[in-house]
Amino acid sequence: HQMTKPPTKPPLQIKLRPETGEDLHFILSSWKRSFFDTLPWLPPEIYYPMISHRIDALRQSPRTSTTVACSPDDEDFIFGWACRSPTHLHYIFVRQSFRGARVAARLSPPPTMGPIKTTHWTRPCERYASKHPGRLIYTPSNLPSPPKPG
């Protein structure tokens, strides 16, 4: 009896492009909702103002940019996106139905660039770091300071 390999899906065709104004709502809402899952102990009334300030501060830096992975046939159909600066990959989001299709790999720096520094640690980061020791470095100190109360 010969084992057969499971059928493989054809590679997902992806176009990488800079973020546009039309992408902003999707980027902000997906970032806030997906990262909320990593901080279940924070009540929403504390989490959402905190993450909104953090995202705004990161995105206002002239050194920060967001790259969108979309369908080459329909640039409005977003598979995922990455927010990064020259030294850090701040956050990657990939739609649930496209996880495992190497969207995040296309949005990440190549292995030849050395370890990836990230400012947001998520469950996918944990899985990636366990498979690739030393490739991902968590650097929360590179996050903007929270707003001062009052």
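Just above, that's the structure.
Residues numbered from 1 in each chain as written. Predicted model: local features only at pLDDT ≥ 70, side-chain atom pairs only at ≥ 80, totals over all residues. Heavy atoms only, no water.

Turning to the side chain of His 88, a few remarks are in order. Within the secondary structure layout, His 88 lies in the loop between strand E3 (78-84) and strand E4 (89-94). A relative accessible area of 7% means that His 88 is categorised as buried. Those residues in contact with His 88, other than ones at most four positions away along the chain, are Lys 117, Thr 118, Thr 119, Thr 139 and Asn 142. (Helix = DSSP H or I, 4+ residues; strand = E, 2+ residues; numbered from the N terminus. Buried < 20%, exposed > 50% of the residue type's maximum accessible area, 1.4 Å probe, protein only. Contact = heavy atoms within 4.5 Å.)

Once that is clear, we can look at a negative patch on the surface. Together, Glu 22, Asp 73, Asp 74 and Asp 76 make up a negatively charged patch on the protein surface. If you trace the backbone, Asp 74 turns up in the loop between strand E2 (65-70) and E3. A relative accessible area of 38% places Asp 74 in the partly exposed class. (Patch = residues over 30% accessible without salt bridge, like charges linked within 9 Å, V, L, I, M, F, W, Y side chains within 5 Å. Areas by Shrake-Rupley, 256 points an atom, 1.4 Å probe, with all protein chains shown as cover. Salt bridge = Lys/Arg side-chain N within 4 Å of Asp/Glu carboxyl O. Lys, Arg positive; Asp, Glu negative; His and termini not counted. Charge placed at Lys NZ, Arg CZ, Asp CG, Glu CD.)

Further remarks concern the pattern of salt bridges. Per the counting criterion, the structure on display carries four salt bridges. Taking the shortest distance from any N to any O, the salt bridge between Glu 75 and Arg 17 comes out at 3.6 Å. With a gap of 58 residues between them, Glu 75 in the loop between E2 and E3 and Arg 17 in strand E1 (residues 15-18) connect regions that are remote in the sequence. Salt bridges here are not isolated pairs; linked through shared partners, they connect Lys 15, Arg 17, Asp 23 and Glu 75.

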